[in-house]
Structures are given as structure tokens and as C-alpha cells.
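Chain and residue survey
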Amino acid sequence: MARRPRATTAKAAKYRDSDLLDLTISSDDDNEEWEPPKPKASRKATRQPVAAEKKGPAKRMLKTKDSKVLKQARASKEPGDPEPEVSRKPAAGRKTQASKVLKDSTVPGLRRTKDHNPEEDKRENRANCREEDNMEGSGPSIKMKEERVSFIVSESHQADGSPCEGSSLAGLTAKKEEVEEDFTFDEPCLKKQKTGGSCLGRPTALPPSEAEALRNELNMNWDMIELLSTLTCVERWVCVNIIGLLQEENTVPFMVRYRKEMINHMDADAVRDVQLIHEELCTLAKKTQSVIQTLKKDGVLTSELEQNLRSCRSADELDHVYSPYKKGSKLTKARRAKALGLETAATALIATPHILDLSAWVKPQTEGLSSVEEVATGVEHILADMIAKDPETLTYVKTLCENSYVTIQSSLSKTTLKEEQQKGSKKTATQQSKKKDIDKFQLYFDFTCNIQRIQSHQTLAINRGENLKFLTVKVNIPEKVKIDFTRWCINNRWKTKTFAREDLRVIIRNAVEDSYKRLIVPFLTRSFRTKLTSAAEKESITMFLRNLRQRLLVCPVRGCVIMGVDPGFRHGCKLAILSPTSQILHTDVVYLHSSGQQREADKLRRLMQKYSCTRIVIGNGTACRETESFFADLISRRYFHPLDVSYCITNEAGASIYSVSAEAVKEMPDLDPNLRSAVSIGRRVQDPLAELVKIDPKHIGIGTYQHDVSTKALKAALDGVVQECVSFVGVDINICSETLMRHVAGLNAGRARSIAEWREKNGPFINREQLKQVKGMGPKTFQQCAGFVRINLPTSALSSSRPASAVLEKPAGKASKGKTCVNIPSSFNPLDQTCIHPESYHVAERFLSIVGGNPDQIGSASLRQHVERKVGNSSMDELSRTVNTTPETLKLVIDGLTQPPGFDMRQNFGQADFKRGIVSMSDLQVGAMLTGRVENTTLFGAFVDIGVGRSGLIHKSNITLDKLPASQRRRSLALGPGERVEVRVLNVDPQRGRIGLDLIRVLQ
């Protein structure tokens, strides 16, 4: 997923030559290859007619921000008078900025500067949102941008730029940015890369020898670093460092926390983008080499074709060039005509028509050449193919579409319409079920929208309806585009070099019209659909990731006994009482919704009082509402006195799947699967991160349209977020589960199992260095995971730490590969409780000596005062030079030394809401003011639990800029799971179970 910087803009449907390579231009009639365009050659020739048509006030070229080269590439200038802004942005055309930069190969990368003019920024931001929606002539001209949001600590630690370690001095807050007027909810909440005019890290240019070696290794015609920088909008030196770190097998969490200066303070999402695109380019190079070998073996490889293949910059482009030569591909009309030898005639038709005689190619006994008409038809097919594959021509036609009102239209398919019209016939249960499924797409039975205005969730819904054969979708291109395109081709691009007879001019006109109808229109349709779908999928995945991150980082509820309840009617409510450390104290089943309720209530009271349980967690599944009502009635009557009991509702999505999984069987072998669900529900509140990592993220119940996006891309992204959250929070290696441990950066299932076995055999770890004794724990693995592992020993363990002889050391002959037999210290190191990496321990010790502290004071108020005084008197740069390290590393060391023992970055996030009473949906009144917690965010709004058994929807149109804290105004939808909000009831529909809400404010 290639990301764009927040303020980079591009015209929504503006296609550059490099965009033409994103999609194939094949159809049933034509499959032939085409040469990848030469950007500089085609651009210059295309600009003249385009500029001529853009003189009207409704067709203004908009200003591109923060790139002088991009400004110079524009043919027309931005008008001075800003137009009224709009609050919605298109989902199409998101790659145009990178496509434009691809042409300017002299630009090593885009670099944004801090010393800019705020007033000019405001003007540019207003220009970024201009949009004109005139359906009778000048089509819309829309600017789009994408944003990145970095969660960082407060300003005193602003340079850290990551949620990785939190801060003991300030909470985890959204990055502060200046308020701009172009706020929108139609973009994915992409992470903003932190770039600046002065490099925050170590700018490094790849040596020419290494650059040439990398190019030779890939054996492609493009430079890996330059292309990667262009596609990701990341500086070249950062790309060099990231590639180097990846080749050294560094993980993303390790780079984000401990190599900030090398990656220019980029966040985890941005680094993962670079990693993903780098892997795609390497895979592309390997596939290209394989294709070349196949074509060489088949004897169809030419030097020109080989250069075209090596110039491909995407898998789609490679498939497009290779598809005509695949075995089984049918011969296209153009290739059949070329096989008859008519390519010379087609070339002569444009170059030397005054001496062209088509009768010279007539061969009466040969099919396709038996008459002048057949020869003319063959020439038309070749010329039509040339027109459809010409980069300059395609650029022009896309520019025409950009300035026209192109729409996407969906309607009921013929099959569905026929079924709908069959009235009076008795429908089966299957038909009735299908009817309900069809009704879900009622909004799209007659739907038309400008492709530049369509929302991502609408695109995905239309695609799903089309896949289910319920909807028919088409793209409507105005007739004016065809007229202008035909005139331009005949009078400009494909104008004959010399005088041509009337019959030859007719052939050219027919070829242009045939090319447009048979080849170009299908290509444009596929292009628009693919770009819309790609943008919608990325936005859906981004929303999914953001929801997952916030769900995993919910603050745990510690220090109390919890009862998990899996509600049910017929089979009863399953109970699991858990200790403060999540150990199972008791399991049972009670039947709360049948006769004998008093007997079951007495049983609950005995259990609650026996285990001093004061918190009840109820799953939100079947019978949740009735179970909640039962407990609320008991609490209101003080039935559990003297205990102060409260309850909360939690999402139980995935609990049933987990209860029958191999992981649950291994963890709780003697429990019934239904009781395992109750245990999982309780632990989700005690420690959400530790419990939810056991479940496939797709089953947690967050996000939308997860089945309509790329499964591979979604899984990779979700796994990355889980690893990021687990690593940044940190794990206590002596008590964490094997399942949680395998998600730590650098570890996997095998290494986590080895650590658990070592722990069982030798007792708790005393220090991080002992990890080196674990099987499979080499130097690299230790480097990656050590900073995310905590050693928190109880006082008893510290006083009786084992002697050195008790530490197992492997004989030299049996040492595993990469290990050396060294003496492992057997004493406890207080620095092992912090986020400080062992490679920086010497820095921490040197800094402690400067401020007059010692390791035993870590996290104390006195040490904090010493550190604050020292930092206040000296600059961070001066201190970093004193201790011989980088400012980034020193800031991390300071955080580790000042954070209190047991610091958890999740304490800055919201906890589950416990309550003692119940409100039903019938109690709601329009205009009522309520507080609630966001349950899920989608592409069209946020669902909020207001405690009535049904979540209400805040539509995105009601999430406006003035209702949000300044720290959240740059985030798409600005809300995420777990955030507390104050809302107003707009409407209640009891029959459909729908509640409409308006956002009043976000509660801090």
C-alpha cells in the first residue's frame, strides 16, 4: 500500500503516462502488447491541445503543494481567486501524484520543509478542495489528498514521533497540527510521515557502486531506490536506510523504536508501506526474469520486447505486456493483420499516404487479402491497435474524461429484475432469503454518481452486489469525449504527413472510431473501476487497522476479581470467576431465564461473596439484554451487599471460535468449550491485548467489508498491527502466555515455545541476558526482541536469586549455530524492567552518573526531579554529545528511567465502562443527551454503545470539525473504538432497531 503525504495533491482523474501502466488494455478482440510509454516524450506533445481546452474558468489547474518540480510540470497556472471549498473528496485518482513524480526522474524524492508560509498553506489548502460539478460542459475538477496521523507523546518529547514507548511525562496524544479548513471524512486515516527540510536522521546517499550492484541484481531498467522513493513519497536516504535495515533482518517495531534517526522518525505504518512496496518490486523483478526466460524458450523474444518487459514498474504492467504471448491467448485482429504483412501499409498510411496503393497488397487466394476492402479492414485494425496503445493518445483521452462528467451507474440485473417481476408465485424459503439479501442493495437499484465523488463504502457495496449477480454496473462516458477525441486524433496526433486521398482519410477515421469504441472505452472503464476499487480497499483496510489498534490498546482492568458471563437461554448462562491475574477460580452454569430464578440468584450471591467478586462482564451475544436486566435488578436491590458490584457489556465476537481452537484446548484442556467462552469474555476486560491476540483479527468484529478486500493484504496488515501493539506495550517474559510471546518482534511460534520450555525447566528469568541461552535465540533474534521484553521479579525472587552455578551453560561442542559460550550474569538488572534496549545500557549508566542517580532509583520521584532539572539546564543535543549517543536514543533512555515501575502505555486509553443500572430502547427520547463509547467505526460513520442494547449510529456528516478536539481534527472520522463521546438522540426506529445520533463532543 503506497501512501501519500498529507498535503500532497493531485487532480482526481488526472492520468499521467505512467498511470497507463497500472491497468491492462485487453479485451476479447484485442490482447496485443504495447510498448511502455516514454514519459518525457509523450508529455510535451500532449500538453498543447490540453492547455488549449483549459482556458475556461471552470477548468482551472490546481496548485500542487510542497514540490517545485511538480509546479513546473503544470502547463497552466492556478488562478488567484479561491473558490468555495467542499467537504467531500473523491476516492478515485489517488496515485496520480506519484505518477507525475515518476516522470521527473531528476527529483530524488519529495522533501517537505518546515519553514513554510502558513498563509500560503491556507490558500493552497483551499485550492486543494476545489470542486466544480457542472454537468453540461465543464466536468468536475477535484483535488484530493491523503493524510497521515502519528500518535506521539507531548511536545516535550515530540521528536519521538511514535506510540511505541509512551511517556511518563505526558500522555499519549494525537499529533498537534495547525487547523485547516479542508477537513474531510472521505479519506483513510493514513499515518503521516514525519519529514522535514532538515533531516531528522542521518542522510545517506547510496554509493554509486552499490546502486549499480542493486540494479544489476534486479536486472531491470529502473533504479530501485528512485522508484521506491517515488512510489512512497519518502526521501531517498530514508529508503536506502530502510532497505539496509530490512536486509539485516530488522523488524518494523525495532526500527520504529530503536532506529528513529535512520528512518527519519517514520511511524510503523509508513515503514510497513515501504517494506511492502520493496517486496513487490523485488517480486516483480523475479517474475520479469521468469517471463523473459519463457519467451526466449518459445522463440518469440525480441530485444524491443525484452526492454519493454524490463521497464515494467508494476505487476499489472508486466501482465499487460506479456498477455499476448501467453500460451492459449487467441490471436487478436491486429496480430492477424500483421501476420498477413499489412503493418507496412498501416505505417505508410500515416507517413507516406500520397504513394500508398492498397491494391498492391491484394492476393485473391489469401483470406484477409482477397480484396481492397479486406486489406483496408486489416489496416484499420492495425492502426486502431496502434492508437489504443499510444501513450500520448491515452493521456489525452484521460484528460478529456477528467474534464467531463463521467459517472458510475448501478441498476438491478436482468436476472434479478425478472425474479422481482414474478408476482403471485409461491416463494420457497430459499427465495425469501435471497429476497432479503437483494433488499440490502436497495440503495443501488438505481444509483448514479460522479466517479470523482463516489464514496469508498459505496464502491465496495456496488462491487459486492455485482459479484452476487444482483446489480449491473457500467461507467458512462459523455459523447462529447468521443467527438473531441476523434477530432484531435485526425487533426493532430494521427494526422497524415502528406496529402491523403479521401478513401485513405476514411480508413483513418474508421480506425480512430473503432479504436475508441472497441479498445479505449473498455480500457477506460476497467481503469476507473480498478482505481476506485483499489482506493476503497485501501481505505477499508486502513479503517480496519485503526479499529484493531485501538481495540488492542484498551486499558486493562487490574486488581479485582472478575466474573465472565456467556449469556444464553436454553443452555443457561456460563460463568467463569477469574483472579486478578486471570487464573480460573471457579466455573459454573446458571439458568437465569427459567423457573427457579431465586435459587440461581442465591447461588450467584454465594459465589460472589466467596471469591469477593465485584465486577461482572457480560458478553453481548444471545440473551445479553435479559441477562443484563437480571443482574441490574439484583444490583439495584443491593442483593450482593456488602459488595459494591457493577457490570459491563463487552464484545464477544470470536469467543466461540476461540473456545474450540487448538490454543484453547491446550490452555484449558479440562473445560467445556462453552465455559472457555466465559473465561475468554472475562479476560477480554482484564487484559484485552493478551486475550485478543489469541483470536484471528478478522473475527474480532471490527471494520467493514473485510470479505471484499484482498485477503492477503488484509492479513499481512493485521499481523503487523498485532506485532506492533504487543511489542510497544511490552511483555513480562516470566508470566506472559506462549501465544502472546510469539507476537513479540523477532519471535515466532518456535522461539516462544523454546522460551516457555526454558522457563518451566529453569524457573523465572533473572535478566535479559539469559534469553541468549534459549534454543534458537541467536544474536539477531535477541537484538530484535530484547527491548520489548520485561523482567519484573517479585521481591522474594530478588532476595533469593540463584547462584551463578545454577545458570545453565551449554558446552562448547553443543552450542547452537551463531552462539558463543559466555558467562551470563545471574544478578537482576533494574534496567531490564524498562523499554531501554540492552545496547544502550552504557548510555543509561553514563546519564545516571551525570544526573547523580543510580539504577535502583528508576521510576522514583527523586530521579525524575534530577532528570528534569538536568534536561532543563542543558539542551538535548548537548547532553547526547556528552553521553556519546544520538538525541533520539537519549530521549528513549530518559523515558525508560523516569517511567514508574510497571508503566503501561495503555493507561492513557479508556477502560471498559461498568454500570449498575439499565436503560431500554423504549426509554429513549429524541433530543436526549447521553454519553457512550464508540464500538466500531466504518467508512460511513461510527457506532456508539449508549447502554440500551443497540448501538446508535453517528453518521459521518454529523462528525464535524467544531465538535472535535484539536488533536483529532486531522484524522479520518476522528473517532475510534473505545473513545468516550457525548451524543444527542436524533431519531429512534424501534421496528428496525436503529438509533440516529449526533455528536456533541469527544470526552477526554
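Since the model is a prediction, treat every value here as computed from it, not as a measurement.

This brings us to the overall build of the protein chain. Along the protein chain, the regular secondary structure elements total 35 helices and 19 strands. Within the protein chain, the proportion of its 1004 residues that are buried is 55%. For the protein chain, long-range pairs separated by at least 24 residues make up 75% of all intrachain contacts whose partners lie at least 6 apart in sequence. Of the roughly 43100 Å² that the protein chain leaves accessible, carbon and sulfur atoms contribute 50%.

Looking now at the packing of aromatic side chains. Using the criterion set out here, one finds eleven aromatic pairs in the structure. Considering the side-chain rings of Phe 254 and Tyr 258, the 5.6 Å spacing of their centres and the 45° angle between planes classify their relative orientation as tilted. Placement of both Phe 254 and Tyr 258 in helix 8 (residues 252–258) is noted, with a separation of four residues, approximately one turn of the helix. Comparing Phe 254 with Tyr 258, the two get one shared label, buried. Here the aromatic cluster, defined as three or more aromatic residues joined through ring pairs, consists of Phe 254, Tyr 258, Phe 728 and Phe 788. Positioned over the ring face of Tyr 639 is Arg 605, at 4.2 Å from the centre of the ring. Sitting over the face of the ring of Phe 782, Lys 772 holds its NZ or CZ atom 4.8 Å from the ring centroid.

Let us now look at the sheet that holds strand 5 (residues 407–412). Backbone hydrogen bonds hold the strands of a sheet together, and the pairing may be parallel or antiparallel. Strand order across the open sheet formed by three strands is 6-5-7, with antiparallel pairing between neighbours. Each having just a single partner strand, strand 6 (446–450) and strand 7 (471–476) make up the two edges of the open sheet. Mean inter-strand twist for the sheet, computed between neighbouring axes without regard to direction, equals 15°. The pairing of strand 5 with strand 7 spans six bridges and is classified as antiparallel. Residue Ser 410 lies in a different strand from strand 7, and its bridge partner there is Val 473.

We now examine the nonpolar core. Counting residues in hydrophobic clusters, the biggest one holds 100 residues, and the most contacted among them are Met 266 and Ile 755. Among all residues touching Ile 755, those that are not within four sequence positions of it are Ile 733, Met 741, Leu 747, Phe 765, Leu 771, Val 774 and Met 777. Counting 62 residues, the second largest nonpolar core, distinct from the first, contains Leu 369, Leu 412, Phe 528 and Leu 939.

Moving on: the packing of helix 19 (residues 479–493) against helix 20 (residues 502–552). Taken N-terminus to C-terminus, the directions of helix 19 and helix 20 make an angle of 135°; their axes are 10 Å apart at the nearest point. Taken together, the axes of helix 19 and helix 20 are oblique relative to one another. Crossing geometry of helix 19 relative to helix 20 is assigned as right-handed. Judged by residue contacts, Val 481, Lys 482, Phe 485, Thr 486, Cys 489 and Ile 490 of helix 19 engage Arg 509, Val 512, Glu 513, Tyr 516 and Ile 520 from helix 20. For the contact of helix 19 with helix 20, the residue count by class is seven nonpolar, one polar and three charged.

A few words on the pattern of salt bridges. Scanning all chains against the criterion turns up 33 salt bridges. Of the charged contacts in the structure, one is a salt bridge between Arg 984 and Asp 998, with a shortest N-O distance of 3.3 Å. Pair noted here: Arg 984 is in strand 18 (residues 980–989) and Asp 998 is in strand 19 (residues 994–1002), with a separation of 14 residues, a long-range link. Arg 984 sits in the partly exposed class, given a relative accessible area of 30%. Look at Asp 998 and you get buried, because its relative accessible area is 11%.

Once that is clear, we can look at unusual backbone geometry. Residues His 641 and Pro 642 are joined by a peptide bond in cis, for which omega reads 15°. Of note, Pro 642 is situated in the loop between helix 22 (624–636) and strand 12 (646–650). Not every positive phi belongs to a glycine, and Ser 612 is a case in point at roughly 50°. Along the polypeptide, Ser 612 turns up in the loop between helix 21 (597–610) and strand 11 (615–619). Judged by its relative accessible area of 46%, Ser 612 is partly exposed.

If you check helix 35 (residues 887–898), its first and last C-alpha atoms are 16 Å apart, about what twelve residues at 1.5 Å a residue would give, namely 16 Å. Counting buried residues along helix 35, eleven of its twelve residues qualify, which places the element largely inside the surrounding structure. Along helix 35, the residues classified as buried are Glu 888, Thr 889, Leu 890, Lys 891, Leu 892, Val 893, Ile 894, Asp 895, Gly 896, Leu 897 and Thr 898. If you follow the buried residues of helix 35, they end up packed against helix 8, helix 32 (841–851), helix 33 (861–873) and helix 34 (876–882).

As summarised here, the arrangement of the five strands in space is 15-16-17-19-18, forming a closed barrel in which the pairing is mixed. Pairwise comparison of adjacent strand axes, ignoring direction, gives a mean angle of 55° for this sheet. Alignment of strand 16 (residues 941–945) against strand 17 (residues 951–955), held across five bridges, turns out to be antiparallel. Across the sheet, residue Val 944 finds its bridge partner in strand 17, namely Gly 952.

Take the pairing of strand 9 (residues 573–578) next. The element strand 9 is largely enclosed, with a buried count of six among its six residues. The side-chain alternation of strand 9 yields two buried faces, one formed by Cys 573, Leu 575 and Ile 577 and the other by Lys 574, Ala 576 and Leu 578. As paired strands, strand 8 (residues 562–566) and strand 9 are joined by five bridges and run antiparallel to one another. Among the inter-strand pairings, Met 563 is bridged to a residue of strand 9, identified as Ile 577. Two strands pair when backbone bridges link them, and strand 9 and strand 10 (residues 584–590) are joined in this way by six bridges, in the antiparallel orientation. Bridged to Ala 576 within strand 10 is Thr 587.

The side chains of a regular strand alternate, first on one face of the sheet and then on the other. In this structure, strand 15 (residues 929–937) lies alongside strand 18, joined through five bridges in antiparallel fashion. Directly across from Thr 931, in strand 18, lies its bridge partner Glu 982. One ladder, built from four bridges, connects strand 15 with strand 16; its direction is antiparallel. By the bridge assignment, Asn 936 is partnered in strand 16 with Phe 943. Between the end of strand 15 and the start of strand 16, which pair antiparallel, lie three residues.

What counts and what doesn't
Residues numbered from 1 in each chain as written. Predicted model: local features only at pLDDT ≥ 70, side-chain atom pairs only at ≥ 80, totals over all residues. Heavy atoms only, no water. Helix = DSSP H or I, 4+ residues; strand = E, 2+ residues; numbered from the N terminus. Buried < 20%, exposed > 50% of the residue type's maximum accessible area, 1.4 Å probe, protein only. Contact = heavy atoms within 4.5 Å. Areas by Shrake-Rupley, 256 points an atom, 1.4 Å probe, with all protein chains shown as cover. Phe/Tyr/Trp six-rings, centres within 6.5 Å; stacked < 30°, edge-to-face > 60°. Lys NZ or Arg CZ within 6 Å of the ring centre and 35° of its normal. Pairing = 2+ DSSP bridges. Axes fitted to C-alpha atoms, helices over the stretch in contact; angles between N-to-C directions. Core = buried A, V, L, I, M, F, W, Y, C linked by side-chain atoms within 4.5 Å. Parallel < 35°, antiparallel > 145°, perpendicular 65-115°, else oblique. Left-handed = near helix turned anticlockwise from the far one by under 90°. Nonpolar A, V, L, I, M, F, W, Y, C, P; charged D, E, K, R; others polar. Salt bridge = Lys/Arg side-chain N within 4 Å of Asp/Glu carboxyl O. Expected span 1.5 Å × (residues − 1).

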